[in-house]
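For reference, the chains in residue letters:
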Amino acid sequence: MSFRSSLHSYVRDQLDVAVHDSRLPVRPMMPSVVQRFISGRADQTHSAPVSLLEKRVQFDIYGNNDEQVDDLSLTLLHKLDGYHGPMGDVSIGWAGLLSDLDTKPEDIKGGEVRYRRIMDFAIAYQESRP
Amino acid sequence: MPTIRRAGDSKFYAIIEGGPQLARALSALDRKVRQDIAKEALTEGGRIIADAWANMAPVGAPPEDEHPGAYRRSLQDNASVTARSSASGATAAIRPAVLSDLPDDQQPQLYAARLEFGDADRDAEPSARPAFDGAQRPALAAISERLTRAFR
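Because the structure is predicted, anything quoted here is derived from the model rather than measured.

Draft legend 1. Expanded view of the overall build of chain A. Per the secondary structure count, chain A includes two helices and seven strands. Order of helices (α) and strands (β) in chain A, N terminus to C terminus: α-β-β-β-α-β-β-β-β. Based on the C-alpha atoms only, the size of chain A along its principal axes is roughly 60 × 25 × 25 Å. A burial count over chain A gives 48% of its 130 residues as buried. Measuring between centres, the 15 positive side-chain charges of chain A sit 6 Å from its 19 negative side-chain charges.

Right under this line is the structure:
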């Protein structure tokens, strides 16, 4: 299981909502989360081998109202910020929130309004657990 | 929970801050000298990030994009890098420049956030954050080198 799928499963299980890669499906269930990988680099260590990879991951928390988005983003913060240890088949060195921001509420067909909070995390991991 | 801002409420730009070490080192200097050194150092670092950002800025194609390459052009060579003194020593803001050949409502600053973060209907095409992540080490090295020269 890759880092991407391990993280996907972890977030889905902890938040108990659908997690989508890159974008929302056409008719998404609300609330929903979108997971996007933004950038990555090998983390340098003092000894020669590079042991950790660091990725910036963007989570979009979608909901029908502000409270729903607040609740889910707070849960994600509690479950992921400061995470250390095994996650599926990978080992997480550390994870931390880099930034978060809201977008303007988006009007969608049928008079509904969709809310979104963007949360960026930096996550350092080892691909295969020893 | 950290402060939350709204994307799209303002023009998009990236910020780098000096941090407490810079503030401490600079506090020993005369105020005017301190401000000048901090601004120069962060401007040098900001230029490195602006160049990396320009190289990663997505280029669209017509008809979807009426001005292909405008976003990249607003960052290449003429990105606005401005520094000011702040509680943390100094803060530099890196912004896409205003392009004189485009109307006000089609300036890259206005749609950069949508490209950077994506939305429900389109993938993100991030460039500012990967540029910041990838170029932060050379940018910090340039800032450090400039400060070392100033303290010699």
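Draft legend 2. A look at helix H4 (residues 108-117) of chain B. Counting buried positions over the 10 residues of H4 of chain B gives seven, a clear majority of the element. Among the residues making up H4 of chain B, those that are buried are Pro-108, Gln-109, Ala-112, Ala-113, Leu-115, Glu-116 and Phe-117 of chain B.

Draft legend 3. Just the pairing of strand E5 (residues 90-103) of chain A, in detail. Residue and element names in this part refer to chain A. Of all 14 residues in E5, 10 are buried, a share of seventy percent or more. Between strand E4 (residues 85-87) and E5, which pair antiparallel one after the other, the connecting turn spans two residues, and Gly-88 there sits at a positive phi close to 60°. As paired elements, E5 and strand E7 (residues 112-126) share 10 bridges and run antiparallel to each other. Looking across to E7, one finds that Asp-102 is bridged to Arg-117.

Draft legend 4. Region of interest: the nonpolar core. Core analysis: the largest hydrophobic core is formed by 26 residues, its most contacted members being Leu-7, Val-11, Phe-59, Leu-76, Leu-80, Ile-92 and Ile-123 of chain A. Listing elements by their share of this core, those giving two or more residues are helix H1 (3-15), strand E3 (52-63), helix H2 (66-80), E5 and E7 of chain A.

Draft legend 5. Region of interest: the packing of H1 of chain A against H2 of chain A. All names here are of chain A. One can describe the packing of H1 onto H2 by two numbers: an axis separation of 10 Å at closest approach and a directional angle of 125°. In terms of orientation, H1 lies oblique with respect to H2. Crossing handedness for the pair H1 and H2: right-handed. Across from Leu-7, Tyr-10, Val-11, Gln-14 and Leu-15 in H1, the residues of H2 making contact are Leu-72, Thr-75, Leu-76, Lys-79 and Leu-80.

Draft legend 6. Here's a closer look at the pattern of salt bridges. All names here are of chain A. Overall, the coordinates contain 16 salt bridges over all chains when judged by the stated rule. The residue Asp-102 makes a salt bridge to Arg-117 at a minimum N-O spacing of 2.7 Å. Placement of Asp-102 in strand E5 and of Arg-117 in strand E7 is noted, with a sequence separation of 15 residues between them. Judged by relative accessible area, Arg-117 falls into the buried class, the value being 4%.

Draft legend 7. Main features of the confidence of the model for chain B. Here chain B averages 80 in pLDDT, while 75% of its residues score no lower than 70. For this predicted complex, the interface score ipTM comes out at 0.80, while the overall pTM is 0.81.

Draft legend 8. Spotlight on the environment of Gly-96 of chain A. All names here are of chain A. Tracing the backbone shows Gly-96 in strand E5. Judged by relative accessible area, which is 16%, Gly-96 ranks as buried. Taking the C-alpha atoms as reference, Gly-96 lies 17 Å from Leu-15; in sequence the two are 81 residues apart. Excluding anything up to four places from it in sequence, Gly-96 contacts Asp-81, Asp-120, Phe-121 and Ala-122.

Draft legend 9. Spotlight on H1 of chain A. Residue and element names in this part refer to chain A. Compared with the 18 Å implied by 1.5 Å per residue over 13 residues, the 18 Å span of H1 between its first and last C-alpha is a close match. Every buried residue of H1 is listed here: Phe-3, Ser-6, Leu-7, His-8, Ser-9, Tyr-10, Val-11 and Leu-15. Residue Asp-16 follows H1 closely and has a positive phi angle near 60°.

Rules used throughout
- Residues numbered from 1 in each chain as written.
- Chains lettered and ligands numbered in written order.
- Predicted model: local features only at pLDDT ≥ 70, side-chain atom pairs only at ≥ 80, totals over all residues.
- Heavy atoms only, no water.
- Helix = DSSP H or I, 4+ residues; strand = E, 2+ residues; numbered from the N terminus.
- Buried < 20%, exposed > 50% of the residue type's maximum accessible area, 1.4 Å probe, protein only.
- Lys, Arg positive; Asp, Glu negative; His and termini not counted.
- Charge placed at Lys NZ, Arg CZ, Asp CG, Glu CD.
- Pairing = 2+ DSSP bridges.
- Core = buried A, V, L, I, M, F, W, Y, C linked by side-chain atoms within 4.5 Å.
- Axes fitted to C-alpha atoms, helices over the stretch in contact; angles between N-to-C directions.
- Parallel < 35°, antiparallel > 145°, perpendicular 65-115°, else oblique.
- Left-handed = near helix turned anticlockwise from the far one by under 90°.
- Contact = heavy atoms within 4.5 Å.
- Salt bridge = Lys/Arg side-chain N within 4 Å of Asp/Glu carboxyl O.
- pLDDT = per-residue confidence, 0-100.
- Expected span 1.5 Å × (residues − 1).

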